[in-house]
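# Chain and residue survey
Chain by chain, the residues:
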Amino acid sequence: MLTDLEFSKLRWRCRRGFLENDIILTRLLDRRGANFTAEEHEQLLALISLDDNDLWEIIAGRSDDFPQGCNGMVETLRQTRVNH
Amino acid sequence: MALSVHKYDAVVVGAGGAGMRCSLQLARAGLRVAVLSKVFPTRSHTVAAQGGIGASLGNMDEDNWHYHFYDTVKGSDWLGDQDAIEFMCREAPKVVYELEHMGMPFDRNPDGTIYQRPFGGHSAKYGEKPVPRACAAADRTGHAMLHTLYQQNVKSNTTFFVEWMALDIIRDAEGDVVGVTALEMETGEVSIFHAKCVLFATGGAGRIFAASTNAFINTGDGLGMAARAGIPLEDMEFWQFHPTGVHNAGVLLTEGCRGEGAILRNKDGERFMERYAPKLKDLAPRDFVSRCMDQEIKEGRGCGPNGDYIALDLTHLGGETIMKRLPSVHEIGKNFANVDVIKEPIPVVPTIHYQMGGIPTNIHGQVVVPRNGNPNTVVNGFYAIGECSCVSVHGANRLGTNSLLDLLVFGRAAGNHLIETALASKAHKPLPANAADYSLARIAKLDQSNSGEYPQDVANDLRRAMQTHAGVFRTQKSMDEGVVKVLAIAERAASLSLKDKSKVFNTARIEALEVANLMEAAKATMVSAAARKESRGAHTVDDYGDTPEHPLGRNDEVWMKHTLWYSEGNRLDYKPVQTKPLTVDTVPLAKRTF
Ligand SMILES: Cc1cc2nc3c(=O)[nH]c(=O)nc-3n(C[C@H](O)[C@H](O)[C@H](O)COP(=O)(O)OP(=O)(O)OC[C@H]3O[C@@H](n4cnc5c(N)ncnc54)[C@H](O)[C@@H]3O)c2cc1C
């Protein structure tokens with residue numbers, strides 16, 4: 001479970017340069033609220049530090065070029081993408 | 001309490017294409033430049049642009065700036081200022097080649113020249129035939145441009161303040177701009193940026209509408225700050241719509257769908273475009289198709305349980321064609337509409353895409369306002385560039401690829417103007433004693449609130465009202481009702497409540513501050529739209545139809561003028577369109593036919 005501060009920061013950093021990423025990341029945060037483990041949080045922070053196009057390629061499943069150890073969160077984001 | 005004061009020669013608010021092109025020019029000239037951004041620079045909305053940058057390089061076919069100039073004036077439905085349009089089109093090749101020299105990875109022809117692709121509205125020989133004019137870096141033009149500019153800025157010692165939100169403009173007793181206040185998200189502290197000049201490059205306000213292709217960040221902060229500081233907003237009634245944004249998501253479906261044969265259908269399965277445009281059908285121009293879709297919805301023939309969307313049918317194209325020619329459409333269907341476009345139609349609605357109006361400027365990027373009989377008196381120390389500005393090169397309707405061009409040309413021009421006016425040797429004007437009081441009071445009011453609505457609830461109501469009353473299909477009655485509704489929502493927005501009152505990285509507080517900016521942009525749009533009693537470009541009103549005196553509803557005798565909306569008193573003023581270019585003959589008025 002994230003602290004209020006961690007969650008607030010995460011929410012802001014999920015503001016992206018284009019809409020596709022905004023929608024999927026917001027969908028994830030709306031569903032999960034602050035319910036992320038420390039490990040998930042770390043993975044998500046690593047992924048959202050990527051450029052928008054690279055992040056979207058990963059979320060869309062066209063690229064597996066993501067930081068090491070982020071497999072779990074990549075899978076979660078891909079699931080979030082397909083499950084409306 | 002003493003606030004910290006940061007002192008720079010120039011403060012640029014916004015790190016998108018416009019802001020970073022300008023800051024680069026200034027930093028390279030050795031000026032001390034600060035760039036403030038709500039998000040990391042390369043995450044600015046410019047990153048979304050895929051299509052390209054318009055410039056008459058003539059690499060694929062005969063082309064020159066005169067053709068580009070003509071297309072842009074015509075595209076603007078003669079509301080664009082012809083001096084600014086000439087300036088932009090003449091400078092275009094130069095800014096593209098400069099970007100190339102900075103390392104922008106443009107697509108190439110086999111002979112090494114920059115590859116150019118065709119785009120709607122761009123023609124050779126004054127409308128005779130399409131010409132490839134868009135310079136692109138695959139489908140990542142905006143991304144490549146932002147990265148190139150960011151790297152160059154870092155090299156030139158521009159100082160970036162990332163996750164800082166500018167709050168308000170500081171003007172002195174003479175009305176000159178001497179700085180901005182800004183909130184550092186990490187600490188929650190407000191600081192003053194004291195500068196010899198302030199440049200706004202804050203992007204558009206596309207999030208005032210419910211259906212928007214714009215990222216969530218586009219809340220029109222620059223417009224809000226300018227309006228609160230007594231600066232009028234120009235031509236805010238003109239917004240460009242794209243016909244095929246995914247219903248409830250906004251994500252753009254490329255025009256290529258209809259090019260490949262996709263059909264728009266209403267709830268009865270009817271191919272309704274046959275009724276409106278018997279020849280071109282689904283391939284009629286963007287604004288026309290958008291209005292027909294909206295009419296179907298308004299007349300009760302929309303699809304879905306709420307009858308609020310149109311079905312874009314690709315099923316007859318077959319899986320093989322779809323996967324080969326339109327793979328991204330298949331992907332978007334799956335991800336944002338839960339639809340397999342091979343098997344079923346995808347719900348779409350006309351969706352807001354681009355803001356033509358903004359903060360009024362001249363071709364140097366200087367903000368101009370009416371004063372003592374001169375409609376274009378310079379506000380000392382204040383510049384605006386990019387989508388937040390209105391110079392006005394797009395007039396009533398923008399051509400694709402002309403926005404990225406606008407960022408580069410006027411970002412550079414503003415920088416050059418400051419350098420030419422010897423900014424470095426000028427002294428800072430003193431800050432007024434109460435420089436930050438207004439911003440601090442706005443924040444204190446939010447922090448002390450214990451009743452009132454949450455920002456997002458009010459913002460959502462605003463977006464719905466704007467979609468209904470200032471959408472693609474406008475009637476006088478609906479716009480008049482919209483004014484009443486939006487002003488009522490503005491009252492509610494004046495007393496928002498925060499759940500979270502913490503100081504450090506309080507996203508809720510930031511969002512509440514954004515709502516104040518959304519409100520100004522929305523009021524400007526709604527009031528300006530209801531007042532303009534004609535159809536022109538993107539502002540098409542059913543009441544003002546095609547007549548022999550006023551073809552396509554455009555009334556040049558009365559309405560060929562720019563709107564200026566003032567927040568104080570919710571008041572309107574107008575100023576003439578500049579029909580005289582810098583060196584060539586005026587493009588004479590004509591009916592805009594396609
Ligand atoms: C999907 C899509 C595709 C497009 N494709 C094209 C195309 O191919 N060609 C073309 O010409 N145009 C295109 N456009 C339009 C074009 O991308 C935009 O008009 C342009 O990028 C806007 O750039 P800008 O520099 O004005 O603002 P932005 O890139 O939006 O940058 C705004 C900056 O201001 C900052 N900011 C905002 N408010 C504050 C504040 N209060 N405090 C601090 N910082 C703040 C932000 O953090 C950001 O850095 C497209 C638009 C969309 C939506």
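Everything numeric in this text was worked out from a predicted model, so none of it was measured.

The rules behind the values
Residues numbered from 1 in each chain as written. Chains lettered and ligands numbered in written order. Predicted model: local features only at pLDDT ≥ 70, side-chain atom pairs only at ≥ 80, totals over all residues. Heavy atoms only, no water. Helix = DSSP H or I, 4+ residues; strand = E, 2+ residues; numbered from the N terminus. Rg over C-alpha atoms; globule rule 2.2 N^0.38 Å. Buried < 20%, exposed > 50% of the residue type's maximum accessible area, 1.4 Å probe, protein only. Contact = heavy atoms within 4.5 Å. 1 Å grid on protein atoms, 1.4 Å probe; cavity = no way out; pocket = protein on both sides within 12 Å on 5 of 7 lines; lining within 4 Å. Points joined across faces, edges and corners; volume = space filled by probe spheres on them. Pairing = 2+ DSSP bridges. Right-handed = clockwise from strand over helix to strand, strands pointing away. Phe/Tyr/Trp six-rings, centres within 6.5 Å; stacked < 30°, edge-to-face > 60°. Lys NZ or Arg CZ within 6 Å of the ring centre and 35° of its normal. Core = buried A, V, L, I, M, F, W, Y, C linked by side-chain atoms within 4.5 Å. Buried area = accessible area lost by both parts, 1.4 Å probe. Salt bridge = Lys/Arg side-chain N within 4 Å of Asp/Glu carboxyl O. Polar contact = N/O pair within 3.5 Å; in protein donor to acceptor, adjacent residues only side chain to side chain. Nonpolar A, V, L, I, M, F, W, Y, C, P; charged D, E, K, R; others polar. Near = heavy atom within 4 Å. Lys, Arg positive; Asp, Glu negative; His and termini not counted. Axes fitted to C-alpha atoms, helices over the stretch in contact; angles between N-to-C directions. Parallel < 35°, antiparallel > 145°, perpendicular 65-115°, else oblique. pLDDT = per-residue confidence, 0-100.

In this section: the overall build of chain A. Broken down by element type, chain A carries five helices and zero strands. Here the C-alpha atoms of chain A give a radius of gyration of 12 Å, agreeing with the 12 Å that 2.2 N^0.38 yields for 84 residues. Here the C-alpha coordinates of chain A stretch approximately 35 × 25 × 25 Å along the principal axes. Across the 84 residues that make up chain A, the buried fraction comes to 52%. Sequence-distant contacts in chain A: of pairs separated by 6 or more residues, those separated by 24 or more amount to 61%.

To find leftover empty space, one rolls a probe the size of a water molecule over the atoms. Under the counting rule described, the total for this entry stands at one cavity of 30 Å³ or more. In this structure, the largest cavity encloses a volume near 30 Å³. Along its surface, the largest cavity is lined by Trp12, Arg13 and Arg15 of chain A together with Lys38, Val39, Phe40, Arg43 and Glu163 of chain B.

All names here are of chain B. Where strand β1 (residues 5–13) and strand β11 (residues 190–200) come together, eight bridges link them in parallel fashion. Bridging across to β11, Lys7 finds its partner in His194. Bridge analysis of β1 against strand β2 (residues 33–37) gives four bridges, and the strand direction is parallel. Within the sheet, the bridge partner assigned to Val12 lies in β2 and is Val35. In terms of handedness, the path from β1 via helix α1 (residues 17–28) over to β2 forms a crossover that is right-handed.

What follows concerns the packing of aromatic side chains. The description of an aromatic ring pair rests on the distance of the ring centres and on the angle between the ring planes. All names here are of chain B. Per the counting criterion, the structure on display carries 16 aromatic pairs over all chains. Ring centres of Tyr150 and Phe160 lie 5.1 Å apart, and the angle between their planes is 55°; on these two criteria the pair is classed as tilted. Of this pair, Tyr150 sits in helix α4 (residues 141–155) while Phe160 is found in strand β8 (residues 159–162), placing the two residues ten residues apart along the sequence. Between Phe200 and Phe382 the ring centres are 5.0 Å apart and the planes differ by 90°, which places this aromatic pair in the edge-to-face class. On the criterion of sequence distance, the pair formed by Phe200 in strand β11 and Phe382 in strand β19 (residues 374–384) is long-range, its members being 182 residues apart. Taking the relative accessible area as the measure of exposure, Phe382 reaches 0% and is therefore buried. Among the aromatic residues, those joined into a ring-pair cluster are Tyr8, Phe161, Trp164 and Phe193. Note that Lys499 overlies the ring of Tyr454, its terminal NZ or CZ placed 4.9 Å from the centroid.

The biggest cluster of nonpolar side chains holds 128 residues, and the ones touching the most others in it are Ile53, Leu199 and Leu314 of chain B. Within the second largest apolar cluster, 88 residues are counted, among which are Trp12 of chain A together with Trp164, Leu446 and Val515 of chain B.

The strands making up a sheet associate through backbone hydrogen bonding, with each pair oriented either parallel or antiparallel. As summarised here, the arrangement of the three strands in space is β3-β7-β4 (chain B), forming an open sheet in which the pairing is antiparallel. Either end of the sheet is taken by a strand with one partner, and the two such strands are β3 (53–54) and β4 (116–117) of chain B.

On the side of chain B, 38 residues touch chain A, which itself brings 31 residues to the contact. Both faces combined, the contact of chain A with chain B buries some 2,900 Å², and carbon together with sulfur accounts for 52% of it. Counting the surface chain A buries against chain B, the share from its top three residues, Trp12, Arg15 and Leu19 of chain A, is 27%. There are seven salt bridges connecting chain A and chain B. Among the salt bridges present, the one from Arg15 of chain A reaches Glu514 of chain B, with a minimum N-O distance of 2.5 Å. Remark: the boundary between chain A and chain B carries 17 residue pairs in polar contact (both at pLDDT 80 or more). If you list the elements that add at least two residues to the side of chain A that touches chain B, you get α1 (4–13), α2 (19–32), α4 (52–59) and α5 (71–82) of chain A. Looking at the side of chain A that touches chain B, the element that brings in the most residues is α2 of chain A, giving seven residues. Residues that form the side of chain A that touches chain B fall into these classes: eleven nonpolar, six polar and 14 charged.

Residue and element names in this part refer to chain B. Within the secondary structure, Asn266 sits in the loop between β14 (263–265) and α7 (273–276). Residue classification places Asn266 among the buried positions, given a relative accessible area of 2%. A sequence separation of 163 residues divides Asn266 from Lys429, and the C-alpha atoms of the two residues are 61 Å apart. Not counting residues within four places of it along the chain, the set of residues in contact with Asn266 comprises Phe272, Arg275, Glu296, Arg301 and Cys303. Among the polar contacts made by the side chain of Asn266, one reaches the side chain of Glu296 at a distance of 3.0 Å.

This brings us to the site of the ligand. All names here are of chain B. The local shell around the ligand holds 39 residues, among which Ser44, Thr46, Glu387, Ser403 and Leu404 are the closest. Ala18 is positioned such that a nitrogen or oxygen atom in its backbone is 3.0 Å from an oxygen atom of the ligand. Contact distances for the ligand include 2.8 Å between a nitrogen atom and a backbone N or O atom of Ala166. If you list the elements that add at least two residues to the shell around the ligand, you get α1, β2, β9 (164–171), α5 (221–228), β16 (346–355) and α11 (402–420).

Residue and element names in this part refer to chain B. You can see Arg474 is positioned in the loop between α13 (455–469) and α14 (476–493). Look at Arg474: it is buried, it has no salt bridge, and the nearest opposite charge is Glu237 at 7.0 Å. In this structure the side chain of Arg474 is engaged in a polar contact, spanning 2.9 Å, whose partner is the backbone oxygen of Ala470. Ignoring anything within four residues of it in the chain, the contact list for Arg474 reads Glu237, Trp239, Met479, Ala529, His539, Thr540, Val541 and Asp542.

Helices that pack against each other are described as a pair by the angle of their axes relative to one another and the distance between those axes. Residues and elements named next belong to chain A. Between α2 and α5, whose axes approach to 9 Å, the crossing angle comes to 100°. Considered as vectors, α2 and α5 are oriented roughly perpendicular to each other. Contacts between α2 and α5 involve Ile24, Leu25, Arg27, Leu28, Arg31 and Arg32 on the former and, on the latter, Met73, Thr76, Leu77, Thr80 and Arg81. Split into classes, the residues belonging to the contact of α2 with α5 amount to five nonpolar, two polar and four charged.

For residues other than glycine, phi is negative in most cases, and the peptide bonds are mostly trans. Residue and element names in this part refer to chain B. Between Val391 and Ser392 the backbone carries a cis peptide bond, its omega angle lying at -5°. Of note, the phi angle at Asp235 is positive, near 50°, even though the residue is not glycine. Secondary-structure assignment places Asp235 in the loop between β12 (233–234) and β13 (239–246). Since its relative accessible area comes to 0%, Asp235 is described here as buried.

When pLDDT drops low, the exact placement of atoms in the prediction is not to be read closely. The predicted model of chain B has a mean per-residue pLDDT of 94, with 99% of residues at 70 or higher. In the predicted complex, the global pTM is 0.95; the interface-specific ipTM is 0.96.

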